[in-house]
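# Structure at a glance
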Amino acid sequence: MIYLNAKNLKNALLLKKKHPNFFPLCGSSDISLKLRNNSIDGIIDISHLSELNYIDKTKNTITIGASTTINSLLENSDINRYIPILADASKEFASHQVRNIASIGGNIANDSPVADLIAPLLVLDAKVNLLSSNTKRTIFLHELLIGFKSLDLNNEIIISLDIPIKKAQHYYRKVGARAKLNIAKLSLAMIRNKDGFFISGASLNPYVKRFSNLETLLNSGEFNDELIKIAIDKDISPSGSFRSTKEYRSAVLFNLVKDALGKFE
């Protein structure tokens, strides 16, 4: 395994072009699993690049650099004031030590079904800014996530996220075996703003996605417990594992949805 230390963003893009199979390292808190499985040929370390470590607010948008750490999100007043669901999810993210190195870009790039930040970012309608040595594009986060551990990238690096600022009610809950340092059995992220309900959750599908059937049902205004259960059944396909069964996840998700609706009333 080869380790390459990018001098700056331009150098990182050149290294990625030269070594398309190398993995951009942006935090490293989960890289040990890839090393243990021998699933990567090399690493391009971008975690130290100042060009990727920032949080900027404009009138309608908050932009977050990809190497911004989870603790930086927690400590930022704009994140807490304008997108508190992201702050709530960050509080539940691993330990204080891990939050000091884990990054928002790394959490996305790792594309784990149990990723803590992807569900809140999906319901926030976040966009992802991607850069290669000769192209630049911006797409919605849900367009980037195309399958289990699979992203729509073409020798590109995630450089930042754009999150629109909208007044909204929010709900976030992560369920695990203990109060802290959890890998989620499941989580629920829900927002209701003037445009309706936006819903997602982790550890409920092969990759984190929006719950389109549940959103459509709740936005119709005509729903009951049975219809909610049917929509949930259509939206999730959790794998059974040692952490919990499919039946458990479905039942708990229903209870969380009901809890969120009660708090939104």
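Below or above, wherever it landed, is the structure these notes cover. In this text, all values refer to a predicted model and were calculated from it rather than measured experimentally.

Further remarks concern the overall build of the chain. From N to C terminus, the chain includes 12 helices and 14 strands. For 265 residues, the compact-globule formula gives about 18 Å, and the C-alpha radius of gyration of the chain, at 18 Å, lands near that figure. By its C-alpha atoms, the chain is 55 × 45 × 30 Å across when sized along the principal axes. Split into buried and exposed, the 265 residues of the chain put 50% on the buried side. When contacts within the chain are restricted to residue pairs at least 6 apart in sequence, long-range pairs at least 24 apart make up 57% of them. Taken as a whole, the chain presents about 12800 Å² of accessible surface, with 49% of it coming from carbon and sulfur. Side chains of the chain give 34 positive and 26 negative charges; the mean places of these two sets differ by 3 Å.

Here the second largest pocket defines a volume of roughly 480 Å³. Contributing elements (two or more residues each) for the lining of the second largest pocket: strand 2 (23-25), helix 7 (104-110), strand 9 (150-151) and strand 10 (157-164). Examining the composition of the lining of the second largest pocket, we find that four residues originate from one element, helix 7, more than from any other. By residue class, the composition of the lining of the second largest pocket is 13 nonpolar, seven polar and five charged.

Okay, the sheet that holds strand 6 (residues 127-131) next. Strand-to-strand pairing in sheets goes through backbone hydrogen bonds, with the strands running parallel or antiparallel. What the five strands build is an open sheet, ordered 4-5-10-6-7; its pairing is antiparallel. Looking at which strands have only one partner, the edges of the open sheet turn out to be strand 4 (55-57) and strand 7 (136-140). The sheet shows a mean angle of 20° between the axes of neighbouring strands, direction not considered. Judged from the five bridges that link them, strand 6 and strand 7 form a sheet pairing that is antiparallel. Paired with Lys-127 across the two strands is Phe-140, which belongs to strand 7. The sheet strands contacting helix 1 (residues 9-18) are strand 6 and strand 10, and the helix crosses strand 10 at an angle near 120°.

It is worth spelling out unusual backbone geometry at this point. A positive phi angle is found at Asp-125, which is not glycine, with a value near 60°. Even without being glycine, Lys-149 reaches a positive phi, approximately 50°. Residue position: Lys-149 is located in the loop between strand 8 (145-147) and strand 9.

So, on to helix 10 (residues 212-220). Three or more residues of helix 10 are buried, namely Leu-214, Glu-215, Leu-217 and Leu-218. Viewed end-on, helix 10 has its buried residues packed into an arc of 165°, placing them on one side of the element. For helix 10, the secondary structure elements touched by its buried residues are strand 13 (196-201), strand 14 (209-210), helix 11 (225-235) and helix 12 (246-264). After helix 10 finishes, the residue Gly-221 shows a positive phi value of roughly 80°.

Another point: the pattern of salt bridges. What the rule picks out here adds up to 10 salt bridges. Two residues, Glu-215 and Arg-210, come together in a salt bridge whose shortest N-O distance is 2.6 Å. According to the relative accessible area criterion, Arg-210 is partly exposed, its value standing at 22%. What emerges from the salt-bridge pattern is a single network uniting Asp-125, Arg-210 and Glu-215.

On to the nonpolar core, then. Judged by nonpolar contacts, the single largest core of 57 residues is most densely connected at Ile-46, Leu-86, Leu-117, Leu-121, Leu-141 and Leu-144. In contact with Leu-144, other than residues within four places in its own chain, are Ile-108, Val-128, Leu-130, Ile-139, Ser-150, Leu-151, Asp-152, Leu-153 and Ile-158.

We now examine the side chain of Arg-99. Locating Arg-99 in the fold gives a position in helix 6 (residues 96-99). One buried charged residue, Arg-99, remains without a salt bridge, the closest side chain of opposite sign being Glu-92 at 7.9 Å. Only 3.0 Å separates the side chain of Arg-99 from the backbone oxygen of Phe-93, close enough to count as a polar contact.

The antiparallel open sheet is built from four strands, whose spatial order is 11-12-13-14. At either end of the open sheet lies a strand with only one pairing partner, and these are strand 11 (169-175) and strand 14. By the bridge criterion, seven bridges tie strand 11 to strand 12 (residues 186-193) in an arrangement that is antiparallel. Looking at the pairing, Val-175 lines up with Leu-186 of strand 12.

Now for the packing of helix 10 against helix 11. Where helix 10 contacts helix 11, the two axes come as close as 7 Å, and the packing angle between them is 155°. Put simply, helix 10 runs roughly antiparallel to helix 11. Along the contact surface, helix 10 presents Ser-212, Asn-213, Leu-214, Leu-217 and Leu-218, while helix 11 presents Leu-227, Ile-228, Ala-231, Ile-232, Lys-234 and Asp-235. Here the contact of helix 10 with helix 11 is built from residues that sort into seven nonpolar, two polar and two charged.

Calculation rules
Residues numbered from 1 in each chain as written. Predicted model: local features only at pLDDT ≥ 70, side-chain atom pairs only at ≥ 80, totals over all residues. Heavy atoms only, no water. Helix = DSSP H or I, 4+ residues; strand = E, 2+ residues; numbered from the N terminus. Rg over C-alpha atoms; globule rule 2.2 N^0.38 Å. Buried < 20%, exposed > 50% of the residue type's maximum accessible area, 1.4 Å probe, protein only. Contact = heavy atoms within 4.5 Å. Areas by Shrake-Rupley, 256 points an atom, 1.4 Å probe, with all protein chains shown as cover. Lys, Arg positive; Asp, Glu negative; His and termini not counted. Charge placed at Lys NZ, Arg CZ, Asp CG, Glu CD. 1 Å grid on protein atoms, 1.4 Å probe; cavity = no way out; pocket = protein on both sides within 12 Å on 5 of 7 lines; lining within 4 Å. Points joined across faces, edges and corners; volume = space filled by probe spheres on them. Nonpolar A, V, L, I, M, F, W, Y, C, P; charged D, E, K, R; others polar. Pairing = 2+ DSSP bridges. Axes fitted to C-alpha atoms, helices over the stretch in contact; angles between N-to-C directions. Arc of directions from axis to C-beta. Salt bridge = Lys/Arg side-chain N within 4 Å of Asp/Glu carboxyl O. Core = buried A, V, L, I, M, F, W, Y, C linked by side-chain atoms within 4.5 Å. Polar contact = N/O pair within 3.5 Å; in protein donor to acceptor, adjacent residues only side chain to side chain. Parallel < 35°, antiparallel > 145°, perpendicular 65-115°, else oblique.

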